[in-house]
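# Topology and contacts: notes
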Amino acid sequence: MRTSYREEDVIFLLKDITGLVRPQATEERERLIQAGRHYCEMLPMEYVPSEAYHKAYLEALAHYARPTAQAIGVLADKVVQKMGSDMVLVSLARAGTPIGILLKRYLRQKYQIETAHYSISIIRGRGIDHNAMKFLLRRYQPQNLLFVDGWIGKGAILKELQKELAAYPGVSDEIAVVADPANVTDLCGTHEDILIPSSCLNCTVSGLVSRTFLRGDIIGEDDFHGAVYYGELKDSDVSYDFIRAIEDEFVFAPESISKNASEEAISESVAAEVGAGVEEVEEIARKFGIGDLNLVKPGIGETTRVLLRRVPWKVLIDSRCQGDPALAHIVRLAWEKGVAVEYYPLRHYKACGIIQKLADT
């Protein structure tokens, strides 16, 4: 798969389908998705980021580069405690890819551990790319594979991974993530709801690679899942700008200090009711009369994506976060799109985006 990332940073196990799929506008895709078409059978249009996108990204980078870097460090320490030095990073395309690159670099710089890093596709409701798994297991021991993603919202992808990996004895079904406000895993950098800045952009912060694609007329039985390479957007590519911005904030604390941070994060998780974030999403759905949980997107990152990429109905912001500058980009994007913002007593998340139910699908 072509990408603007260097091969030494990541290898995408994807089929290049550039030019084979007609991208579709946001509202067209939303209507089709809500009418039952699976999102993986379509691709969104990708553009040079608008001024609104770019502002959101720069604001997120200003507020969250350091917390993201700190969470990468805590996560790396936990990963080494769990895996030792023998590991192969397998990031979930595409949001997990820049996180996998950052984790790989942190492990090299602090621990002198060199890891292979691949990026493969997993699709909610359609499963993992089994051809990619076969490729990896021909080359590596199952116990050495470590899956990496950006964050956990409701935990849908984690559940998908756990279900799919039952077919692969010895492969851990945990995901290493930067942030887990849903409290479903301890293999995270923080349980706080932080915004990973890369969530504000599409392919231009992800190696110019599209989200992954799976449709029988284009993806054959022996193919990897597909993706498009957007070489025409190379002048707007900030993939390595993002990597450098986070890497510049790395702090290689003595292991005892890092371990304390890890233990503190673990104790936070134990103190919280495991999986309570998912229960909160179900409560929100009941409160606002939403029958499909897929229309409720909890967390700062997911809320930002709803505003930038979907057809939003309402944004909830935790009542305690009113006026928080770290959420200013969400308030501004909602205002620009004419989306209602409601301050609401959230428990595990700082924000939650709700997608518009399109009655005319």
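Structural notes, computed from the coordinates. Worth saying up front: this structure is predicted, and the values here are computed from it rather than measured.

The rules behind each value
- Residues numbered from 1 in each chain as written.
- Predicted model: local features only at pLDDT ≥ 70, side-chain atom pairs only at ≥ 80, totals over all residues.
- Heavy atoms only, no water.
- Helix = DSSP H or I, 4+ residues; strand = E, 2+ residues; numbered from the N terminus.
- Buried < 20%, exposed > 50% of the residue type's maximum accessible area, 1.4 Å probe, protein only.
- Contact = heavy atoms within 4.5 Å.
- Areas by Shrake-Rupley, 256 points an atom, 1.4 Å probe, with all protein chains shown as cover.
- Lys, Arg positive; Asp, Glu negative; His and termini not counted.
- Charge placed at Lys NZ, Arg CZ, Asp CG, Glu CD.
- Phe/Tyr/Trp six-rings, centres within 6.5 Å; stacked < 30°, edge-to-face > 60°.
- Pairing = 2+ DSSP bridges.
- Axes fitted to C-alpha atoms, helices over the stretch in contact; angles between N-to-C directions.
- Right-handed = clockwise from strand over helix to strand, strands pointing away.

## What about the overall build of the chain?
A count of helices and strands for the chain gives 10 helices and 14 strands. For the chain, the C-alpha atoms occupy an extent of roughly 50 × 50 × 40 Å along the three principal directions. By residue count, 58% of the 361 residues in the chain fall in the buried class. For the chain, contacts bridging at least 24 residues in sequence account for 80% of all contacts bridging at least 6. Total accessible area on the chain is roughly 14,900 Å²; 49% of this is exposed by carbon and sulfur atoms. The chain carries 42 positive and 51 negative side-chain charges, and their two centres are separated by 4 Å.

## Structural notes on the packing of aromatic side chains
What the rule picks out here adds up to 10 aromatic pairs. Taking 6.3 Å as the distance between ring centres and 10 degrees as the angle between the ring planes, the aromatic pair formed by Tyr5 and Phe12 counts as stacked. We note that Tyr5, like Phe12, is buried. For the pair Tyr106 and Phe250, a centre-to-centre distance of 5.0 Å together with 80 degrees between the ring planes defines the contact as edge-to-face.

## Quick look at the sheet that holds strand β12 (residues 312-318)
With mixed pairing, four strands are arranged side by side in an open sheet as β11-β14-β12-β13. Edge positions in the sheet fall to β11 (296-298) and β13 (340-344), since each of these pairs with one other strand and no more. Looking at each pair of strands side by side, their axes are set apart by 20 degrees on average, direction ignored. Judged from the five bridges that link them, β12 and strand β14 (residues 351-355) form a sheet pairing that is antiparallel. By the bridge assignment for β14, Val315 is matched with Gly353. Against the sheet, helix α8 (residues 276-287) contacts β11, β12, β13 and β14, and its axis sits at roughly 140 degrees relative to β11. Running over the sheet, helix α10 (residues 328-337) touches β12, β13 and β14 and is turned about 155 degrees from β12.

## Considering unusual backbone geometry
In terms of backbone geometry, most residues other than glycine have negative phi values and most peptide bonds are trans. For the peptide bond that leads from Ala93 to Arg94, omega is 0 degrees, which places it in the cis range. Following the sequence through the fold, Arg94 ends up in the loop between β3 (88-92) and α3 (96-111). Positioned with a positive phi, Asn183 is a non-glycine residue whose angle comes to about 60 degrees. As for its position among the elements, Asn183 is in the loop between β8 (175-179) and β9 (188-190). For Leu208, which is not glycine, the phi dihedral falls at a positive 65 degrees. Assignment of secondary structure puts Leu208 in the loop between β9 and β10 (226-227).

## Thoughts on the pairing of β8
In terms of burial, β8 is largely enclosed, as five of its five residues are buried. Judged from the four bridges that link them, strand β7 (residues 145-151) and β8 form a sheet pairing that is parallel. Its bridge partner lying in β8, Asp149 is registered against Val177. In this fold, β7 hands off to helix α5 (residues 156-164), which returns the chain to β8; that crossover is right-handed. Summarising the sheet, β8 and β9 pair through two bridges and their orientation is parallel.

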